[in-house]
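Structural overview
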Amino acid sequence: MDILAVLIPVSLFLGLGGLLAFWWMLKRGQYDDPEGDSQRILRGDYDDHPKP
């Protein structure tokens with residue numbers, strides 16, 4: 001039972017840290033254009049073949 005005195009604060013701290021990191025990414029605009037990356041990869045102007 002003594003281990004719960006360590007595990008509960010650690011889990012709360014990690015959960016709060018994850019929530020703060022997610023909030024920080026939202027404020028920085030990391031999720032503003034989710035469709036852009038999926039459409040950008042389909043464009044034909046990418047040259048993924050090496051030149052001979």
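What counts and how
- Residues numbered from 1 in each chain as written.
- Predicted model: local features only at pLDDT ≥ 70, side-chain atom pairs only at ≥ 80, totals over all residues.
- Heavy atoms only, no water.
- Helix = DSSP H or I, 4+ residues; strand = E, 2+ residues; numbered from the N terminus.
- Areas by Shrake-Rupley, 256 points an atom, 1.4 Å probe, with all protein chains shown as cover.
- Expected span 1.5 Å × (residues − 1).
- Phe/Tyr/Trp six-rings, centres within 6.5 Å; stacked < 30°, edge-to-face > 60°.
- Buried < 20%, exposed > 50% of the residue type's maximum accessible area, 1.4 Å probe, protein only.

Notes on the overall build of the protein
Per the secondary structure count, the protein includes 2 helices and 0 strands. When the accessible area of the protein is evaluated, it comes to approximately 5300 Å², of which 66% is carbon and sulfur surface.

Re helix H1 (residues 4-28)
With 25 residues, H1 should reach 36 Å at 1.5 Å per residue; the first-to-last C-alpha distance of 36 Å fits that figure. Glycine 29 lies just past H1 and shows a positive phi near 85°.

Quick look at the packing of aromatic side chains
For the coordinates displayed, the defined rule picks out 1 aromatic pair. Ring geometry for phenylalanine 22 and tyrosine 31: centres 5.9 Å apart, planes at 45°, overall tilted. Take phenylalanine 22: its relative accessible area is 41%, and that puts it in the partly exposed class. Classification of tyrosine 31 by relative accessible area gives partly exposed; the value is 45%.

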